[in-house]
Amino acid sequence: MDSTLTVNQTDRADIEACLAGDEDAYGRLVRRYESELAKLMWRFCRDSTVCEELVQEVFVEAYFGLAGFRGEAPFSHWLKRIGSRVGYRFWRNQRREAGRFSLEDYDGVAPEPDSDITPEQAGEILHRLLAHLNDADRLVLTLMYFDECSTRDIAERMGWTRAMVKMRASRARRKLKSIAEQQGLLEAIGWTR
Amino acid sequence: MDTLKAIEKLVCQARMEAVPTVNVSSRVLQRIAMDQTPARILPFTLFAGVSAAAAVIVLFLAVNSWTYLTNPMMDLFAPLQGAAIW
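Quantities reported herein were computed from a predicted structural model and do not represent experimental measurements.

J.: Before we go on, may I ask you to explain the overall build of chain B in this structure?
T.: Within chain B, the secondary structure is distributed over four helices and zero strands. Shown N-terminal to C-terminal, the secondary structure of chain B runs as helices and strands in the order α-α-α-α. Buried positions account for 7% of the 86 residues belonging to chain B.

J.: Explain the overall build of chain A to me, please; I cannot follow it from the model alone.
T.: From N to C terminus, chain A includes nine helices and zero strands. Its helices and strands in sequence order give chain A the pattern α-α-α-α-α-α-α-α-α, from N to C terminus. For chain A, with 193 residues in total, the buried portion stands at 34%. Residue pairs at least 24 apart in sequence account for 67% of intrachain contacts in chain A once pairs closer than 6 positions are excluded.

J.: Just to check I follow, could you spell out the packing of helix α7 (residues 151-158) of chain A against helix α8 (residues 162-182) of chain A for this structure?
T.: The angle between the axes and the distance between the axes are what describe a pair of packed helices. Residue and element names in this part refer to chain A. Viewed as axis vectors pointing N to C, α7 and α8 meet at an angle of 120 degrees, and their least axial separation amounts to 8 Å. The handedness of the crossing between α7 and α8 is right-handed. The segment α7 lies against α8, with Thr151, Arg152, Ile154 and Ala155 engaging Arg162, Val165, Lys166 and Ala169. Looking at the contact of α7 with α8 residue by residue, the class counts come to four nonpolar, one polar and three charged.

J.: Which parts of the structure should I look at to understand the nonpolar core?
T.: The tendency in soluble globular proteins is for nonpolar side chains to be buried side by side. Judged by nonpolar contacts, the single largest core of 26 residues is most densely connected at A:Leu37, A:Met41, A:Val55, A:Val58 and A:Phe59. Put simply, the parts of the chain that give this core at least two residues each are α2 (23-45), α3 (48-64) and α4 (75-97) of chain A. No other element matches the 10 residues that α2(A) contributes to this core. Aside from chain neighbours lying at most four places away, what touches A:Leu37 is A:Val55, A:Val58, A:Leu79 and A:Gly83. Ranked by size, the runner-up nonpolar core spans 24 residues in total, among them A:Phe146, A:Val165, A:Ala180 and B:Leu10.

J.: Would you explain the interface of chain B and chain A in this entry?
T.: How big an interface is tends to be stated in terms of the accessible area lost upon association of its parts. Listed as interface residues are 23 residues of chain B and, on the opposing side, 35 residues of chain A. Counting residues per element, the ones that place at least two in the side of chain B that touches chain A are α1 (3-14) and α2 (25-36) of chain B. Broken down by element, the side of chain B that touches chain A gets its largest block of residues, eight residues, from α1(B). Residues of the side of chain B that touches chain A, tallied by class, amount to 15 nonpolar, four polar and four charged.

J.: How do you make sense of the packing of helix α5 (residues 119-130) of chain A against α1(B) when you look at a structure like this?
T.: Axis separation between α5(A) and α1(B) bottoms out at 7 Å; the angle between their running directions is 125 degrees. Overall, the two elements α5(A) and α1(B) adopt an arrangement that is oblique. Relative to α1(B), the crossing made by α5(A) is left-handed. Packed against α5(A), whose contacting residues are A:Pro119, A:Ala122, A:Gly123, A:Ile125 and A:Leu126, the element α1(B) presents B:Leu10, B:Val11, B:Gln13 and B:Ala14 at the interface. A class-by-class count of the residues in the contact of α5(A) with α1(B) yields seven nonpolar, two polar and no charged.

J.: What is the right way to read α1(B) from this model?
T.: The α-helix advances 3.6 residues per turn, and as a result positions three or four apart in sequence lie on the same side. End to end, α1(B) covers 16 Å across 12 residues, agreeing with the expected 16 Å (1.5 Å per residue, within 8%). The secondary structure elements touched by the buried residues of α1(B) are α5, α6 (135-146) and α8 of chain A.

J.: Teacher, can you tell me more about the environment of A:Glu53 here?
T.: With respect to the element layout, A:Glu53 can be found in helix α3. Separated by 15 residues in the primary sequence, A:Glu53 and A:Ala38 place their C-alpha atoms 9.9 Å from one another.

J.: Is there a simple way to explain helix α1 (residues 9-19) of chain A in this structure?
T.: All names here are of chain A. Listed as buried for α1 are Asp11, Asp14 and Ile15. The buried residues of α1 all sit within an arc of 100 degrees when viewed along its axis, so they share a single face. Turned more than 90 degrees off the buried face of α1, the exposed positions are Gln9 and Glu16. One or two residues past the end of α1 sits Gly21, with phi positive at roughly 105 degrees.

Definitions and cut-offs
Residues numbered from 1 in each chain as written. Chains lettered and ligands numbered in written order. Predicted model: local features only at pLDDT ≥ 70, side-chain atom pairs only at ≥ 80, totals over all residues. Helix = DSSP H or I, 4+ residues; strand = E, 2+ residues; numbered from the N terminus. Buried ≥ 20, exposed ≤ 12 C-beta atoms within 10 Å, placed from the backbone. Contact = placed C-beta atoms within 7 Å. Axes fitted to C-alpha atoms, helices over the stretch in contact; angles between N-to-C directions. Left-handed = near helix turned anticlockwise from the far one by under 90°. Nonpolar A, V, L, I, M, F, W, Y, C, P; charged D, E, K, R; others polar. Core = buried A, V, L, I, M, F, W, Y, C linked by C-beta atoms within 7 Å. Parallel < 35°, antiparallel > 145°, perpendicular 65-115°, else oblique. Expected span 1.5 Å × (residues − 1). Arc of directions from axis to C-beta.

Listed below in structure tokens is the structure:
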């Protein structure tokens, strides 16, 4: 069996110790995966304080669900599954309060032709564009774009059918294209040529 | 440039973004310890138990009293029931 698709021995030992009541073992698991998880949760909020809270939330949920971890996939996959659901829930709660961003408010990029934009600017622009989609479509594209998930991975993470994820992905791409055109993406980033 | 191509290019750029470092292990363990502490519901449970017992006693007395209650108007009509009208 492919070793990347199973739980590694260190994780397994820590999980078993943790289930036996050793809190330090869980601390080690948290330290091992917190930065990997932060990369995922950052895509849901782009705010370092909120990101920390989300990462914390994921690890707390994971702890209380640890007895249900069957060890058929790496621990990081299981954490990312919880992370995707926590992030999705965060968006749904946030949607009630916040309005939508617009690229018109975005002044992070000078519209100079041939200017290359930084990864941070690219991340910010995409975050603003994706925020115009509904939460499920946004999640599908976010996981595809930033976590390089396949439709199968997303379906497994979210408990959706693969056909539904494929349909959402294709619809979301079309919507995103039209939103980007409405918002004048190419003009905003100076890629008109 | 095509919009979808531009988006793909942005995605490639954004993947290289440096994410802020997080250090949550101590807070996670703290929260877990807090969530594991059993909620202090014993006083409320006791209070609810005493209230329920009191309610049962009051109900028992109330039902007994109700069965002994007579219609206050009965005293007016009872003597007439035996009286000969003609």
